[in-house]
2 protein chains.
Amino acid sequence: MTTTLSTRDRLIIHAAQLFQQRGYHGVGLTEILETAGVPKGSLYHHFPNGKADLAVAAADWASVDLLRIVDDAFGEAVDFRHGATTLCFKLAKLFDLSGHWLGCPISSTLFEGPANDLFRTEAARIFDVWIEAVKAHGVRLGLPPAKAATSSEALWIGLQGAWTLSRARRDSSPLRHVPDFVFGSDPQ
Amino acid sequence: MTTTLSTRDRLIIHAAQLFQQRGYHGVGLTEILETAGVPKGSLYHHFPNGKADLAVAAADWASVDLLRIVDDAFGEAVDFRHGATTLCFKLAKLFDLSGHWLGCPISSTLFEGPANDLFRTEAARIFDVWIEAVKAHGVRLGLPPAKAATSSEALWIGLQGAWTLSRARRDSSPLRHVPDFVFGSDPQ
DNA sequence: GCATGACTAGACCAATCGGTCTAGTCTCGT
DNA sequence: ACGAGACTAGACCGATTGGTCTAGTCATGC
């Protein structure tokens, strides 16, 4: 599969993976270029602004990837809570398979990058797309729009936080318990 | 105040601030040394392992700082929910005052650092200290230990996630709404 | 069959990276 | 008074950083 990918796509995919693992500043162009098997000239042909452009493209790619996981999780769900739970478990599974280290691809890639507004705005946009996607599933599954909006935002906040804790502990259970405290597992 | 600080403390404090703003790899030693007004020799005298040692010390310092905020918030609280709410609002206030950009000092400093186990373990330890501190306040305020433990962890997960979202949006309201979805603002 | 633009290839660059090392200063105990 | 160790000071180092630039390859239209 990798062999048929265009130079541009190989660059984006490998960059996305490396940025997710070690952050924007934690990965050098040389390493990205080497793992992608692409010479430096090609990078600056496809991304005239270099590393920053590549990071945004990588974040976008990762975002689309994650949206597919969201749709998979909610596609087979009978109600919102089941969809959300499936999503958390899917992400936990990915986390386990990745060796208990991968965090949110967006915060890794765009937050530790240059603190310019372009990166920050792009991160905000992607988070909103994710929240909107889950909200749409909520509405489709019968939730009132306002309720769907707050639940979706709460779910993503929980996922972000749990992702961090799971990473620190190298243990996916915080991710798996996100539905419990977003929806409540026991009476308050 | 700054003038009376020891070289070591000046290094730690300035490093903590810079790491929190731009992450471990995002800040060079030169910049830390310049803002702290400390020559390179002193750094390697106080921290023989250089940047990595300094980052751990900075994270520890930031952790103690945050623990003080936790104790302040819960010290005056009549019940757990009020303490937690005060904590979230205090952090939101700090976030606002910082220009809507500061994130969690630990994830900034230790997560984008060298992906070695020392950093990761230290991050996990500090998170656990925070969770334990809030749990203790919960127990003191009458919660059953098990309930205090899960609530505390949920609170910190919510704070972590909300911190991220607040940063992306440059808006502290996610931080202020953490209590709502940790304790529930409306019936499920 | 040849000109053209898209793309690849990598040598090369100044700047910066984290880190080492030696020299010098300051403050003690004696 | 002086020796010792803690600490400061910054020159210096090789490696690596992101980025530029020129040369070359390749497919396509004419």
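Residues numbered from 1 in each chain as written. Chains lettered and ligands numbered in written order. Predicted model: local features only at pLDDT ≥ 70, side-chain atom pairs only at ≥ 80, totals over all residues. Heavy atoms only, no water.

### As for the overall build of chain A
Regarding its fold elements, chain A presents 10 helices and 0 strands. Secondary structure elements of chain A occur, N-terminal to C-terminal, as α-α-α-α-α-α-α-α-α-α. For chain A, the spread of C-alpha atoms along the three principal axes comes to 60 × 35 × 35 Å. Taken across its 188 residues, chain A has 53% of its residues classed as buried. Summarising the internal contacts of chain A: among those between residues at least 6 apart in sequence, 65% fall at separations of at least 24. Just so you have it, chain A exposes about 8,000 Å², and 56% of that area is on carbon and sulfur atoms. (Helix = DSSP H or I, 4+ residues; strand = E, 2+ residues; numbered from the N terminus. Buried < 20%, exposed > 50% of the residue type's maximum accessible area, 1.4 Å probe, protein only. Contact = heavy atoms within 4.5 Å. Areas by Shrake-Rupley, 256 points an atom, 1.4 Å probe, with all protein chains shown as cover.)

### Some details on the protein's contact with DNA strand C
Near DNA strand C lie 15 residues; those nearest to it are Thr7(A), Leu29(B), Lys40(B), Tyr44(B) and Lys51(B). Atoms of DNA strand C within 4 Å of the protein: sugar and phosphate make up 52%, bases the balance. Lys40(B) has a polar side-chain atom sitting 2.5 Å from a base oxygen of DNA strand C. Within the side chain of Lys51(B), a nitrogen or oxygen atom sits 2.5 Å from a phosphate oxygen of DNA strand C. (Near = heavy atom within 4 Å. Polar contact = N/O pair within 3.5 Å; in protein donor to acceptor, adjacent residues only side chain to side chain.)

### A few points about the relation of the copies chain B and chain A
Between chain B and chain A, the superposition needs a rotation of 180 degrees and an axial shift of 0.0 Å, giving an RMSD of 0.0 Å. Considering both components of the superposition, the chain copies are consistent with a two-fold axis. Considering only C-alpha atoms, the part of chain B nearest the rotation axis is Gly161(B), at 2.0 Å. Comparing contact sets, 100% of the residues at the interface of chain B also lie at the interface in chain A, consistent with an isologous, same-surface contact. (Least-squares fit on C-alpha atoms with pLDDT ≥ 70 in both.)

### A short note on the protein's contact with DNA strand D
Of all residues adjacent to DNA strand D, which total 15 residues, the nearest are Leu29(A), Lys40(A), Tyr44(A), Lys51(A) and Thr7(B). Among all atoms of DNA strand D positioned within 4 Å of the protein, those belonging to sugar or phosphate total 51%. Contacts to DNA strand D include Lys40(A), whose side-chain N or O atom sits 2.5 Å from a base oxygen. Taking Gly41(B), its main chain carries an N or O atom lying 3.1 Å from a base oxygen of DNA strand D. Every element with two or more residues in the surface near DNA strand D is listed here: helix 2 (29–36) and helix 3 (40–46) of chain A together with helix 3 (40–46) of chain B. In terms of residues, the surface near DNA strand D owes the most to one element, helix 3 of chain B, which gives 5 residues. Taken together, the residues of the surface near DNA strand D sort by class into 4 nonpolar, 8 polar and 3 charged. (Nonpolar A, V, L, I, M, F, W, Y, C, P; charged D, E, K, R; others polar.)

### Some points on the interface of chain B and chain A
Every contact between the two is made by 36 residues of chain B and, on the other side, 36 residues of chain A. Both sides together, the interface formed by chain B and chain A hides about 3,400 Å², and carbon and sulfur atoms give 61% of it. When the buried area of chain B at its contact with chain A is split by residue, Glu112(B), Ile157(B) and Phe181(B) rank highest and sum to 19% of it. For the pair chain B and chain A, the number of links is 7 salt bridges. Linking chain B with chain A are 6 residue pairs in polar contact (both at pLDDT 80 or more). If you list the elements that add at least two residues to the side of chain B that touches chain A, you get helix 6 (105–111), helix 7 (117–140), helix 8 (145–169) and helix 10 (178–183) of chain B. Looking at the side of chain B that touches chain A element by element, the count peaks at 13 residues for helix 8 of chain B. The residue makeup of the side of chain B that touches chain A, split by class, is 15 nonpolar, 10 polar and 11 charged. (Buried area = accessible area lost by both parts, 1.4 Å probe. Salt bridge = Lys/Arg side-chain N within 4 Å of Asp/Glu carboxyl O.)

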